[in-house]
Structures are given as structure tokens and as C-alpha cells.
Amino acid sequence: MDLRRLSILLLPLLLSACASKAPEAIRIAPPGDLSVKEAQAEPQRFIGSSLRWGGRIIALHNRADDTLLEVLALPLDKRGEPVEEAAAWYGRFLVRIARFIDPLVYEEGRMITVAGTLDSIERRHIGQYEYRYPVVEAGTLHLWPKPVQDTPWGPPYEPWPWYYDPWYHPWHPYY
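Source: prediction; values computed, not measured.

Along its length, the protein chain carries 4 helices and 5 strands. The linear arrangement of helices and strands in the protein chain, starting from the amino end, is α-α-α-α-β-β-β-β-β. Among the 175 residues that make up the protein chain, the fraction classed as buried is 31%. Contacts spanning at least 24 positions in sequence make up 64% of the contacts within the protein chain whose residues lie at least 6 apart. For the protein chain, the exposed surface amounts to about 12400 Å²; the carbon and sulfur share of it is 58%.

So, on to the pairing of strand E1 (residues 50-62). Every regular strand shows the same layout, with side chains that alternate between the two sheet faces. In the sheet, E1 pairs with strand E4 (residues 111-126) via 7 bridges, with the strands oriented antiparallel. Within the sheet, the bridge partner assigned to Leu51 lies in E4 and is Gly116. Bridge count for E1 against strand E2 (residues 67-74) is 8 bridges, and the pairing is antiparallel. The residue bridging Ile57 from the neighbouring strand is Val71, located in E2. Hairpin connection of E1 to E2: 4 residues between the antiparallel strands.

Cut-offs and rules
Residues numbered from 1 in each chain as written. Predicted model: local features only at pLDDT ≥ 70, side-chain atom pairs only at ≥ 80, totals over all residues. Heavy atoms only, no water. Helix = DSSP H or I, 4+ residues; strand = E, 2+ residues; numbered from the N terminus. Buried < 20%, exposed > 50% of the residue type's maximum accessible area, 1.4 Å probe, protein only. Contact = heavy atoms within 4.5 Å. Areas by Shrake-Rupley, 256 points an atom, 1.4 Å probe, with all protein chains shown as cover. Pairing = 2+ DSSP bridges.

Now the structure itself:
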């Protein structure tokens, strides 16, 4: 078999390895792509609408029958992953999940994307301020992996055996 035929056969395999691991409901935005601000402004108009929102987990509240996740809304990239923007604030929302969620897995600060429907608006306090939280009935939930932490070492100062000092000589004191 020549190289051209082999590359044609391997191309789909290589492309599928690069595909996102997120479910289709997370990767593809629903029609109309409702925002948190729109849902807060006209909640009665959008109750029951499909949506896809994401952000950073602020708090998790396990209750007797379900779990509520409090999420700081962030814009989503083309794969549906939340992207942090320093100057933007998109609001907060609650995600209702009809099962127990482990707080050590869905810990504070992790990124999450949810696809579901707008269920209601719930009034809660942030300090003294009364805030209107849109409540999402979760259909699909995707917890994004934690970002890889870089080591405090940077090339070329990584610890032995990877660091090579061109001036090093094992018999330096006696050389």
C-alpha cells in the first residue's frame, strides 16, 4: 500500500482524535441562544426556552431531592467552553439537577456548561442586594477539566536530569 492511500485511511482517525469530548448539546448552541441578561429582563417570555449557558461554579447546595449549582455566567467559545473575560460580567444563574452532586467533584471555581430549559426566576440575596437568578432545569451538564498547572520551573531551568549546563564538568574542582 502506498503512502497516499495510507494517509487517506488515517486522516479520519486523526481528525476524530482532535474532536471535542463534550456532548453535542454542549457543543451546539440552540436556536435563539438566550442570554442570562435577557432571561432576567423578561422571564415570563422565555420560560421553557432551550438554552446553553456556562461559567464558573460559585456554590453548590445539595438538598433532599435535588442539587442547586450557583454559577457565575461567562461567554462560551465555539466548543461551548466558558471563556474568562476580565472586563465583562454576564450575571449569575442557578442550575437545578435532579440528583445528588458530589461537592468535591463539582468544586467551587471549576468551569461548567449546561444545556437545558429556563424553569423560573428565583430571588436570593447577595449580601444585602436582592438578585434575580434565572433557574435552569439541567438536561446536559459538562464539567470541564481543570487547567494544567505549569511548574514553577521554566526552560532552561528545569531540575536535573533535564537541565543541561554547558559549563558543567563532573571533575570541576579537580580539573
